[in-house]
Amino acid sequence: MIHSLFLINSSGDIFLEKHWKSVVSRSVCDYFFEAQERATEAENVPPVIPTPHHYLLSVYRHKIFFVAVIQTEVPPLFVIEFLHRVVDTFQDYFGVCSEVVLKDNVVVVYEVLEEMLDNGFPLATESNILKELIKPPTILRTVVNTITGSTNVGDQLPTGQLSVVPWRRTGVKYTNNEAYFDVIEEIDAIIDKSGSTITAEIQGVIDACVKLTGMPDLTLSFMNPRLLDDVSFHPCVRFKRWESERILSFIPPDGNFRLLSYHVSAQNLVAIPVYVKHNISFRDSSSLGRFEITVGPKQTMGKTLEGVMVTSQMPKGVLNMSLTSSHGMHVFDPVTKLLSWDVGKINPQKLPSLKGTMSLQAGAFKPDENPTINLQFKIQQLAISGLKVNRLDMYGEKYKPFKGIKYMTKAGKFQVRT
Amino acid sequence: MSSNSLGYSEQGGETVSELGQEAVPTTAPSASPAFGLFSSDTKRNEDLKQMLESNKDSAKLDAMKRIVGMIAKGKNESELFPSVVKNVASKNIEIKKLVYVYLMRYAEEQQDLALLSISTFQRALKDPNQLIRASALRVLSSIRVPIIVPIMMLSIKEAAADLSPYVRKNAAHAIQKLYSLDPEQKEMLIEVIEKLLKDKSTLVAGSVVMSFEEVCPDRIDLIHKNYRKLCNLLVDVEEWGQVVIIHMMTRYARTQFVSPWKEDEEYNEKNFYESDEEQKEKNLKGKKPYAMDPDHRLLIRNTKPLLQSRNAAVVMAVAQLYWHVAPKSEIGIVSKSLVRLLRSNREVQYIVLQNIATMSIQRKGLFEPYLKSFYVRSTDPTMIKTLKLEILTNLANEANISTLLREFQTYVKSQDKQFAAATIQAIGRCATNISEVTDTCLNGLVCLLSNRDEIVVAESVVVIKKLLQTQPAHHGEIIKHMAKLLDNITVPVARASILWLIGEYCERVPKIAPDVLRKMAKSFTSEDDLVKLQILNLGAKLYLTNSKQTKFLTQYILNLGKYDQSYDIRDRTRFIRQLIVPNEKSGALSKYAKKIFLAQKPAPLLESPFKDRDHFQLGTLSHTLNTRATGYLELSNWPEVAPDPSVRNVDAIELVFNLEAASIAVTTPAILSPSLVADLEGLNLSSSSVIDVSIPVFVPMKTHELLHRMSGKGLAAHYHFPRQPCIYGDQMVSVQVTLTNTTDEKIENIHIGERKLPSDMRMHEFSPIESLEPEGSITVSMGIDFCDSTQTASLKLCTKDNHFSVNIQPPVGELLLPVIMSERDFKKEKGKLTGMNETSASVTVAPQNSTRLVIVQKVVNVANLGVVPSGEDNIHRFAAKTVHSGSLMLVTVELKEGSTARLIINTEKTVIGSILLRELKPVLSQG
């Protein structure tokens, strides 16, 4: 399936290559560079590029292109999903996935890639299993290895590989047994000029960090499971149990994992926790435009809006902006024309505002469209859909674990058209 | 990085740049890179050689790490081959692994030297550690050296019969490697595939199907016997395997089942008010009514939960399976999941949107409820934006068009002009498809003509041109407006379009057209070729309709064209002149000039670019590229008549090898993976870590007589134990009773009358049978709670006229339910159940009974036990729990030297334990 993998950095250097079948010359990447040039922007490079003898499938993450070379028909999502899994694994191993880190750890990278694919077909992609085969580098281990000459490579087949719970390694031991669950909801919305909602949906995930000894069997139930319209599970969740009782029952992997992603049914009206008052105007005659925005809370259920960040892509005609903000920092990059305003926490008594003028290219016509405003924010201790975890129980082990559940609401793709 | 300044395109500079990179980490700090390149290179290799040949592992490891680092950068390190290959037998596992990496990369180039390493792998293939066996096979099969093909073949065959499923999985992968190395081995490899397809391990399933797809995708006959097993295993297979299996199953279903679609459509067409009789007639006239093959249904049902997978590829695979295989009325469920994938990364979105685009052409309704999910955000990349737009256009209908058009208005103003242009085309398509809004759209587009952006105007002109052509009403005003635009607009396509419009409808704008021609004549020489051609056309058309005003103008233009640089234009000029300007040489054609130029032209169809993609299977690379990719397998059409469905039946003899499939054939469908249906109650009772009830390993067909036909006055009854969890109660054993009428009269009202049960025993009887036709037979199921004892249940079987006393006595093996357990858990549990709770015996085992398969088969035949995976060849373990109380029943068979074996049973229920022991003993000793 997957013949080769090339890692290409933003300046167009191939800094790593790996082949699983016979070697494919790196000149195949020239087709990719051609497409990259045509696309002008990195995110417009088509994920699938045909060449005379191969097909190039790529993903772009952390400013690195991961280009897979394949030779025959294969479901493209198969390859793309796998490449994303590779990136996730690197991130899991090294904390960050950047060119420098990958180059520093090139041997581990190579060993991991070797285990992930055999003859181009995925072999081990669960990070719990991989970490047993090849231990992630830590400073302590590096030191110990140099002194004792021991290695990062395990010599036993991870037990998970053969068991009915392949995602969990055996023999897990902790002195403090804890299980944390974060319910994180994101609001995707498009708000139109007049402030009315064009579309709004809530997507949520439950991320877990479980550090429990042995083979715990957990069940998690909700007060209002009906809210969840569409769900996708980590493979550990027993689907039958969910179907019949709406209870999440699972033997968790060890460490961090995403238990569930869900979509809140569309019937429920989405509460929009923030509003933006804006007055952006260009005039035909003058080379100055007016710019004024105010951000304020709305339907936040008594919680504070935090981490508010406003970004907006200004039209090309805008040369510079002179603005004053009542709160936070604002930056306008005259090259990329990106305005960003880091507001921070919003105090309802004193609403933050950003006012000023834009200087336009002399003689140019006024832009057709006002820029859209992208909004980011966070609300702690609130799941905007009203989802509530009822209880978490553990079976199969005797100790009492420490349990914690946290709620958070964030802006997803939140846009205000002006 | 020193090479950053060098562009990739400078091929000549590549070596320099690479060496420049190398120079940084090498050990020649003083030598300036420009001069010392080659010397430092060879020097470094000397260094590495020495390190590799040293007797310190740390030095070797260091050297190997550096070499691998070089390989990763794409550097050729093949000259170190002899030094590296010596270390293949290193005791240090990390060195060994890195040597493997090196070998796989260079063995092809250094075939002779690579042969030195083979014996090491052959030895490792016999290693007791399964990881080492597996990785030896992996490397051996990855060395692309043709001489060792026979060795590879042999190793694959051996590994395919390995006890460890992990090794068998690697064998499945090795099949593909050998096949690509030497396609002549195909026949032998197919034999191995056939064998591995029968494997019941979820670990192997995905990999072997992958080999099947690569080596012999046309041998669909190999799938038949494994079809049901694969369907049932699917949920538990790892996600990548799922994708491959689902794609294969899609192809399989299209060749083996009849179409579920046709009947569907008829059903829809059927008049609601039609009386039943009429319908019946229809059915009689037509083919017999469609009934879905249960196997077809099994596939559709078992793939459904996978829509909830976190893996986008799995979700897409299921979606395409539903699209190609499921009845049309059931496809609806996939849309929600596909829309969910749109939250994912850019690349996933791209592929999913493409597939939705194709689906939404044929089945608008599928995605209509999710219209708003396709609204474009300004932050989307252009390719995502255009795809979303495509889908929005496909979904447009009378009801939502006004909302959509309002949305489109925002898009038209987008700063991304390429996207704005695409929006205009979309508006054009909506206008042609939905006649109610044609005028609105046209007006909107005309407004856009005064837009300041040239691309927008140009696109509008082109679209308006197409629209006017499809709507040949009186649009003189618009044409006049566009004529005015000619003064400002510079985009050639737009200018050409306007000219064409004026020419085509010149009779509607008789005053303007000649004036336009005049202006164009003036600017002719500076126009683009495309525009020049249209000027010529315009001239010709006007000459024919209005020759009085335009004769000289046209001739002037024709003269200009005659000496144009482009031969296309000279060509056209010559052609037009001959056709329209009458002279003595002009042929018969010029009479028809008007008909030729001013013929009614068919309006162009404005349709989706995804229209013709539906002949590719969804979710494939070919679909994404819209061309046949190498190795694309065509999806066949549904067969007219279904091929024999019985080929999928698995008969009892084969059960020995095919334990899993057998149980599936009898158990009720929709079994979710045992690991998923955890029985928590079971957990509490046995206070063990993981005990899940599993599906039975084997179901014996043995039936017991309940009532002989002689004593039953023609009514015969048999019962057997299907080994399914009882649906009437957790503590009951399910019993299936088959009643047969051997008389030649109807037997009416068969039911259970008075029953004599020992205390505590409970029974759920079958519901009364109204009548049983002569020669008819019926199977009913009932549940009996035997309270973990072998006491008989006596009851009265009654008919309308008679009643008979019958007894049901359970064999001890049927009072159990198999459980899944790891070897570790087994040992732990066994440790708790010693002393009083242990019974054991020595048996002399018949020689033919000493292999694992035979022992497993013999034991599970007698008792409903689950097989516990075992690491030791001579110890076989089985686990079950009693149905009533859920107590564990652990059976161990330990083969000793000679032909003796020790049989140990550990359980709290010592009575049952000892009975079981007594029953198992003869089974093992007899042949």
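Only a predicted model underlies this, so the values are computations on that prediction, with no experimental measurement involved.

Scanning chain A for helices and strands turns up seven helices and 23 strands. With the principal axes as the frame, chain A shows a C-alpha extent of 75 × 55 × 45 Å. Relative to its 418 residues, chain A shows a buried fraction of 58%. Contacts spanning at least 24 positions in sequence make up 68% of the contacts within chain A whose residues lie at least 6 apart. Carbon and sulfur atoms make up 52% of the accessible area of chain A, which totals about 17000 Å². Positive and negative charge centroids in chain A, built from 43 and 43 side chains respectively, lie 8 Å apart.

Helices and strands together make up the secondary structure of chain B, namely 38 helices and 16 strands. Here chain B holds 927 residues, and the buried ones make up 56% of them. In chain B, 66% of the contacts between residues at least 6 apart in sequence involve partners at least 24 apart. A total accessible area of about 40800 Å² is found for chain B, and carbon and sulfur atoms account for 52% of it.

The predicted structure's coordinates, where accompanied by low pLDDT, should not be read in detail. Residue and element names in this part refer to chain B. Counting all residues, the mean pLDDT for chain B is 79, and 86% of those residues have values of 70 or more. Confidence, expressed as mean pLDDT per element, reaches its minimum in chain B at helix α35 (residues 680–686) with 33 and its maximum at helix α17 (residues 312–325) with 93. Throughout residues 1–39 the model reports pLDDT below 50, and contacts reaching past four residues in sequence, or to other chains, amount to 33 contacts. The low-confidence segment residues 652–690, where pLDDT is below 50, has 96 contacts with residues more than four positions distant or belonging to other chains.

A surface patch of like charges, here negative, comprises Asp528, Asp529, Asp568 and Asp571 of chain B. Residue classification places aspartate 571 of chain B among the partly exposed positions, given a relative accessible area of 48%.

Moving on, we come to the interface of chain B and chain A. Across the boundary between the two partners, chain B contributes 110 residues, which contact 113 residues of chain A. For the pairing of chain B and chain A, the buried interface totals around 9800 Å² over both sides, and the portion due to carbon and sulfur atoms is 56%. Counting every contact that joins chain B to chain A gives twelve salt bridges. The residue lysine 177 of chain B makes a salt bridge to aspartate 118 of chain A at a minimum N-O spacing of 2.9 Å. Remark: the boundary between chain B and chain A carries 39 residue pairs in polar contact (both at pLDDT 80 or more). Class assignment for the residues of the side of chain B that touches chain A results in 44 nonpolar, 39 polar and 27 charged.

Attention shifts here to the side chain of arginine 877 of chain B. All names here are of chain B. Looking at the element boundaries, arginine 877 is found in strand β14 (residues 875–882). What makes arginine 877 buried here is its relative accessible area of 6%. Within the local environment of arginine 877, its side chain forms a polar contact with the side chain of glutamate 823, the two groups lying 3.2 Å apart. Once you skip the residues sitting within four places of it in the chain, arginine 877 turns out to touch Glu823, Phe826, Lys827, Gly866, Val867, Val868, Ser870, Glu872, Val891 and Thr892.

On to a positive patch on the surface. A cluster of like positive charges, contributed by Lys173 and Lys398 of chain A together with Arg824 and Lys828 of chain B, occupies part of the molecular surface. The topology assignment puts lysine 173 of chain A in the loop between α6 (139–148) and β8 (178–191). Here lysine 173 of chain A falls in the exposed class, since its relative accessible area comes to 70%.

Right, let's talk about the sheet that holds strand β12 (residues 247–250) of chain A for a bit. Residues and elements named next belong to chain A. Reading across from one edge, β12-β10-β22 is the order of the three strands in this open sheet, with antiparallel pairing throughout. With partners counted over all chains shown, the strands left at the sheet margins are β12 and β22 (389–395), one partner each. Pairs of neighbouring strands in the sheet enclose a mean axial angle of 15°, with direction left out of account. Examined bridge by bridge, strand β10 (residues 217–222) and β12 share four bridges and lie antiparallel to one another. Pairing of leucine 220 across the sheet is with leucine 248, part of β12.

Residues and elements named next belong to chain B. Following the sequence through the fold, glutamate 213 ends up in helix α11 (residues 202–215). Assessed through its relative accessible area of 17%, glutamate 213 is described here as buried. If we skip the residues at most four places from it in the chain, glutamate 213 touches Val244, Met248 and Arg251.

Two measures define how a pair of helices packs: the angle their axes make with one another and the distance between the axes. All names here are of chain B. Contact geometry for helix α8 (residues 149–160) and helix α10 (residues 186–197): axes closest at 10 Å, N-to-C directions at 10°. It follows from the interaxial angle that α8 and α10 lie roughly parallel. Two secondary-structure elements touch here, α8 through Met153, Ile156, Lys157 and Ala160 and α10 through Met188, Leu189, Val192, Lys195 and Leu196. Residues of the contact of α8 with α10, tallied by class, amount to seven nonpolar, no polar and two charged.

Moving on, we come to the sheet that holds strand β21 (residues 373–380) of chain A. Two pairing modes exist for strands in a sheet, parallel and antiparallel, and in both the strands are linked by backbone hydrogen bonds. All names here are of chain A. Strand order in the open sheet made by the nine strands is β11-β13-β9-β8-β23-β21-β16-β19-β18, with mixed pairing throughout. One side of each edge strand has no neighbouring strand; the edge strands of this open sheet are β11 (228–233) and β18 (329–333). On average, each strand axis in the sheet is tilted by 15° relative to the strand beside it, whichever way the strands run. When β8 meets strand β23 (residues 402–416), the two strands line up parallel, connected through 13 bridges. Paired with glutamate 185 across the two strands is threonine 409, which belongs to β23.

What follows covers α10 of chain B. All names here are of chain B. Look at α10: 16 Å from first C-alpha to last across twelve residues, which is about the 16 Å you get at 1.5 Å a residue. Regarding α10, the residues found buried are Leu189, Ile190, Val192, Ile193, Leu196 and Leu197. Projected onto a plane normal to the axis of α10, the buried residues spread over an arc of 160° and lie on a single side. For α10, the elements touching its buried residues are α8, α9 (165–181), α11 and α12 (227–233).

Take α11 of chain B next. Note that an α-helix has 3.6 residues per turn; residues three or four places apart therefore point the same way. For α11 of chain B, spanning 14 residues, the distance from its first C-alpha to its last is 21 Å, which sits close to the expected 20 Å at 1.5 Å a residue. For α11 of chain B, a buried count of twelve out of 14 residues is recorded, marking the element as mostly surrounded by other parts of the structure. Listed as buried for α11 of chain B are Leu203, Val204, Ala205, Gly206, Ser207, Val208, Val209, Met210, Ser211, Phe212, Glu213 and Val215 of chain B. Contacts from the buried residues of α11 of chain B go to β7 (121–122) of chain A together with α9, α10, α12 and α13 (239–256) of chain B.

Basis of the calculations
Residues numbered from 1 in each chain as written. Chains lettered and ligands numbered in written order. Predicted model: local features only at pLDDT ≥ 70, side-chain atom pairs only at ≥ 80, totals over all residues. Heavy atoms only, no water. Helix = DSSP H or I, 4+ residues; strand = E, 2+ residues; numbered from the N terminus. Buried < 20%, exposed > 50% of the residue type's maximum accessible area, 1.4 Å probe, protein only. Contact = heavy atoms within 4.5 Å. Areas by Shrake-Rupley, 256 points an atom, 1.4 Å probe, with all protein chains shown as cover. Lys, Arg positive; Asp, Glu negative; His and termini not counted. Charge placed at Lys NZ, Arg CZ, Asp CG, Glu CD. pLDDT = per-residue confidence, 0-100. Patch = residues over 30% accessible without salt bridge, like charges linked within 9 Å, V, L, I, M, F, W, Y side chains within 5 Å. Salt bridge = Lys/Arg side-chain N within 4 Å of Asp/Glu carboxyl O. Buried area = accessible area lost by both parts, 1.4 Å probe. Polar contact = N/O pair within 3.5 Å; in protein donor to acceptor, adjacent residues only side chain to side chain. Nonpolar A, V, L, I, M, F, W, Y, C, P; charged D, E, K, R; others polar. Pairing = 2+ DSSP bridges. Axes fitted to C-alpha atoms, helices over the stretch in contact; angles between N-to-C directions. Parallel < 35°, antiparallel > 145°, perpendicular 65-115°, else oblique. Expected span 1.5 Å × (residues − 1). Arc of directions from axis to C-beta.

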